Amino acid sequence: MLKISQQVSIPDNEIEINAIRAQGAGGQNVNKVSTAIHLRFDTQNSSLPDFYKQRLLNCKDHRITRGGVIIIKSKEYRSQEKNREMALARLQELISSVSVVRKKRKPTKPTQASKLKRLESKTKRSRLKNLRVKNITAD
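The structure contained in this document is the topic of the report that follows. (Residues numbered from 1 in each chain as written. Predicted model: local features only at pLDDT ≥ 70, side-chain atom pairs only at ≥ 80, totals over all residues. Heavy atoms only, no water.)

Helix and strand counts for the chain stand at four helices and five strands. Helices and strands appear in the chain in the N-to-C order β-β-β-α-β-α-β-α-α. Expressed along its principal axes, the backbone C-alpha trace of the chain runs to roughly 90 × 45 × 25 Å. Going through the 139 residues of the chain one by one, you find that 24% of them count as buried. For the chain, contacts bridging at least 24 residues in sequence account for 56% of all contacts bridging at least 6. Mean positive and mean negative side-chain charge positions of the chain (31 and 12 charges, respectively) differ by 13 Å. (Helix = DSSP H or I, 4+ residues; strand = E, 2+ residues; numbered from the N terminus. Buried < 20%, exposed > 50% of the residue type's maximum accessible area, 1.4 Å probe, protein only. Contact = heavy atoms within 4.5 Å. Lys, Arg positive; Asp, Glu negative; His and termini not counted. Charge placed at Lys NZ, Arg CZ, Asp CG, Glu CD.)

Structure (structure tokens):
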């Protein structure tokens, strides 16, 4: 049972976990042992509340397919158990991040003091650069 919040949890039978062989460096261990984890979770056919399902479908994350299937690959560790724990933690983090309702940003205007400060710094910089100009006189 994967616990998302106090009210929401996902039963283990809804999460499909497959062990696959990792690629890359690792010597003989990579060729012999299936340590990488491929996790699949179908949000549409899950027991998640509709709020979570809708937010996950609208989420622009490369791990979520158009059909609402979350695919997570974990191959950081040499141990299959650690990779499994990491994949489940990522799934939990992804689903719980969707539950946070972000406040809508209200654009602000610059204050009068900040406008004056900006203009003063521009004129100061302009004066400094004008002092650097070489006085070329015609002979």
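To continue, consider the sheet that holds strand β3 (residues 15-20). An order of β3-β4-β5 is seen for the three strands of this open sheet, with the pairing classed as antiparallel. Each edge of the open sheet is held by one strand with a lone partner, namely β3 and β5 (69-74). For this sheet, the mean angle separating the axes of adjacent strands, direction not counted, is 15°. Where β3 and strand β4 (residues 36-42) come together, six bridges link them in antiparallel fashion. For isoleucine 20, the partnering residue across the bridge sits in β4 and is alanine 36. (Pairing = 2+ DSSP bridges. Axes fitted to C-alpha atoms, helices over the stretch in contact; angles between N-to-C directions.)

If you check which residues of helix α2 (residues 50-58) are buried, you get Tyr52, Lys53 and Leu56. Buried residues of α2, seen end-on, are gathered within an arc of 100° and therefore sit on one face of the element. Within α2, the exposed residues directed more than 90 degrees away from the buried face are Asp50 and Asn58. Summarising the contacts, the buried residues of α2 are in contact with β5 and α3 (80-99). (Arc of directions from axis to C-beta.)

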